[in-house]
Amino acid sequence: MDHVLIVEAVSTGFNLVEDVARRGYAPVVMEPLGGGFPVLFREECYKLFYRKPVILREQENYEDTLALVKSYAPVAVMPGSESGVVLANRLAADLGLPGNPISKLPAMTEKDAMQEALKQAGIRYINGKNVSSPEEAVSFCRENGLTTAVVKPVHSAGSVGVYLCDNLEEVEHAVREILGAEGFYGSTVREVVVQERIVGTEYIVNTASCDGVHRLNSILRYKKEKTAEGRYIYDYAETINHLEPGHSELIEYAFQVADAIGFRYGIVHGEYMIDEKGPVLIEVNCRPMGCSMHADYLDPIYGHHETDILLDCFLDREKFMRERNAPYAPKAKGMLKLIMVPKDMEAESHPIWTIARRLKSTYRIAVGDENSVAEYVKTRDLESAGGIIYMLHEDENVVMKELHLLQRLERDFFQFLLSEGTARRWFMDAGVPTEEPEELMKACGCSGAVLLAVDEPAEIPGAQVVMPETLEDAHMGFDHVIIAYQKSLLSIGDPACLKLIFDTMDKVRPGGRVIIPKSTYRYMAYEREGAEMLMLVNGISITAPVPGQKDLVIGTK
């Protein structure tokens, strides 16, 4: 069986192992030295392999690495991630296999060189310079009339070390912060790039190339936030399902970029900006898109996935050429919501799992372990994000509505996502008086089928009474559900608390009402507003209060 070598099969590149096997080849994975990825990250990616590939390690001496690879006689060599780009192309060249010109690798991997390549090709580029001191950076800005700038390492990924500077003082500070620090790939940063700052809408354009012929894979639009420290952090990335004015020019420009950097085989994951002048390249990454995109997540959206097309580039030119002119027509809306952690913290639990399961568009949750304790640092770049919620739905409106819910939770109700375990502890002795159930039912005009959820057993005329342990005894379809727990909420952790609230809400019929009195929401994180937010997450609309209904949260399904 012929072998296909994948250099660094991590992140989205993990799909290549199964893609290679599906085509009747034997996958071989090589781990490069100093790849920039922690061992634990590799191990997590390897757990996703459907089958176990041969795993090799790059040798200290390149000639030994080449000899090792030759012993497998691969028919193709390709990078699965950024740290595999240089080695994969070098091996391909020495083995006489399809790949990219070694002389062009700086334009494919170094931020200054790629912009210089665009300049030489006569297409729009961003003015910048490599510098090795704060003074040199400030001098460049003054010489070019720049009052704002972007400062970042020459080699990096995932917005690590990227600073948006509003003035020259911030430029100087950013250069001092980056120089001498450990870069994304483990080496000490000796030079940084200072660039003209472009303000516009940011896009990802993923293209594939076979013998210098290009095709479009996918387009995404992403949104970032600038932190108080001047860092650049991702909020979300959404698939572009319908081309809008300016997108055709963006795609054409992406093909020009591929030509300018001399790219002939594989995938270009390009980041672009569109401003009043049109599209311009931020940077290219000559490998599959990151964020560990599973093939079975991408296929329902685009009808294909990147790594399968990557194999077409090297192994099936006929298929590549046949499909390159297919219309761009995504079938579903995809969204990646990255969790922005507001501070260094220890999460006692991860109620975000309970929240995300309630959303119609949640496809995959990649945020810690649900009930484990975990340390988080304040989000400063893509690598320090708290995790990702992968969202997918055929109805774009569903995805956008639920994105806004997650953004609101992140901004105003963060303990519903990552809990420090402190939001409800101080309520232990709150001593909030309990409303009489009969009075609640009367004040809210409850009639028909009424469910009363309480801590202790009771007999209430006109209602079925349940406790947490007997909730399953109640079938769905109540006209009114009154949630009157107190001690039951305090005796369980945050994820279990949310689940109990949600499960109780689920007993209401469409058009029915859920009622939460103060004596219950006083024992919940964020109290009244928290109870209202949980209703929205569970698809229940908040009802406006009427005279006589005080200190109640009421919602209609």
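Moving on, we get to the overall build of the protein. Helix and strand counts for the protein come out as 19 helices and 24 strands. Projected onto its principal axes, the C-alpha positions of the protein cover 85 × 60 × 45 Å. Per-residue burial over the protein gives 57% buried out of 557 residues. Taking the contacts inside the protein whose residues are at least 6 apart along the sequence as the reference set, 71% of them involve residues at least 24 apart. Total accessible area computed for the protein in this model is approximately 23,600 Å², and 49% of it derives from carbon and sulfur atoms. Once the 58 positive and 83 negative side-chain charges of the protein are each reduced to a mean point, those two points are 2 Å apart.

Here the focus is the nonpolar core. In terms of nonpolar packing, the biggest core is built from 57 residues, with Met505 and Ile516 touching the most fellow members. The element that contributes the greatest number of residues to this core is helix H17 (residues 494-505), accounting for six residues. Not counting residues within four places of it along the chain, the set of residues in contact with Ile516 comprises Ile483, Met505, Tyr521, Met524, Ala531, Met535, Asp551, Leu552 and Val553. Judged by nonpolar contacts, the second largest core, of 32 residues, contains Ala107, Val257, Phe263 and Val284.

Located in the positive-phi region is Cys291, a residue other than glycine, with phi close to 65°. Position of Cys291 relative to the elements: it lies in the loop between strand E13 (278-285) and helix H10 (295-302). What makes Cys291 partly exposed here is its relative accessible area of 24%. Backbone geometry at Asp551 places phi at a positive 60°, although glycine is not the residue there. Within the secondary structure layout, Asp551 lies in the loop between strand E23 (541-542) and strand E24 (552-556). For Asp551, a relative accessible area of 26% gives the class partly exposed.

The strand order across the open sheet built from four strands is E5-E8-E6-E7, with neighbouring strands paired in antiparallel fashion. Every other strand in the sheet has two partners, leaving strand E5 (128-131) and strand E7 (163-165) as the edge strands with one partner each. Taken over all neighbouring pairs, the strand axes of this sheet differ in orientation by 25° on average, direction set aside. The pairing of strand E6 (residues 149-153) with E7 spans three bridges and is antiparallel. Residue pairing for E7: Val151 is matched across the bridge by Tyr163. Where helix H7 (residues 134-143) meets the sheet, its contacts fall on E5, E6 and strand E8 (192-196), and the angle it forms with E5 comes to roughly 165°.

Residues Lys111, Ala113, Met114, Gln115, Ala117 and Leu118 constitute the buried set of helix H6 (residues 111-121). Contacts made by the buried residues of H6 are with helix H5 (105-109), E6, E8, helix H9 (247-260) and E13. Positive phi appears at Gly122, one or two residues downstream of H6, with a value of about 80°.

Within the secondary structure, Asn217 sits in strand E10 (residues 213-226). On the basis of relative accessible area, Asn217 is assigned to the buried category, the value being 1%.

With respect to the helices and strands, the residue Glu58 is situated in the loop between strand E3 (54-57) and helix H3 (62-70). Taking relative accessible area as the criterion, Glu58 reaches 19% and is therefore assigned buried. When near neighbours in sequence (up to four residues on either side) are disregarded, Glu58 contacts Met30, Glu31, Pro32, Leu33, Thr65 and Leu87. Reaching out from Glu58, the side chain makes a polar contact with the backbone nitrogen of Leu33 at a distance of 2.7 Å.

Take the pairing of strand E12 (residues 266-275) next. The buried count for E12 comes to nine of ten residues, which makes it a mostly enclosed element. Bridge analysis of strand E9 (residues 201-210) against E12 gives nine bridges, and the strand direction is antiparallel. By the bridge assignment for E12, Tyr203 is matched with Tyr272. Taking the residues between adjacent antiparallel strands as the criterion, E12 and E13 are bridged by two residues.

Across the sheet, four strands lie side by side as E3-E2-E1-E4; this open sheet has parallel pairing. With partners counted over all chains shown, the strands left at the sheet margins are E3 and strand E4 (74-79), one partner each. Neighbour to neighbour, the strand axes of the sheet diverge by 25° on average, direction disregarded. Bridge count for strand E1 (residues 3-7) against strand E2 (residues 26-31) is five bridges, and the pairing is parallel.

Turning next to the pattern of salt bridges. Pairing between side chains of opposite charge can happen when their charged atoms approach one another. Scanning the entire structure with this criterion turns up 40 salt bridges. Among the ionic pairs, Glu323 bridges to Arg215, the shortest N-O distance being 3.9 Å. With Glu323 in helix H12 (residues 317-323) and Arg215 in strand E10, the pair connects residues that are 108 residues apart, well separated along the chain. For Arg215, a relative accessible area of 6% corresponds to the buried category. A salt bridge links Arg358 to Asp506; the nearest nitrogen and oxygen atoms lie 2.6 Å apart.

Definitions and limits used
Residues numbered from 1 in each chain as written. Predicted model: local features only at pLDDT ≥ 70, side-chain atom pairs only at ≥ 80, totals over all residues. Heavy atoms only, no water. Helix = DSSP H or I, 4+ residues; strand = E, 2+ residues; numbered from the N terminus. Buried < 20%, exposed > 50% of the residue type's maximum accessible area, 1.4 Å probe, protein only. Contact = heavy atoms within 4.5 Å. Areas by Shrake-Rupley, 256 points an atom, 1.4 Å probe, with all protein chains shown as cover. Lys, Arg positive; Asp, Glu negative; His and termini not counted. Charge placed at Lys NZ, Arg CZ, Asp CG, Glu CD. Core = buried A, V, L, I, M, F, W, Y, C linked by side-chain atoms within 4.5 Å. Pairing = 2+ DSSP bridges. Axes fitted to C-alpha atoms, helices over the stretch in contact; angles between N-to-C directions. Polar contact = N/O pair within 3.5 Å; in protein donor to acceptor, adjacent residues only side chain to side chain. Salt bridge = Lys/Arg side-chain N within 4 Å of Asp/Glu carboxyl O.

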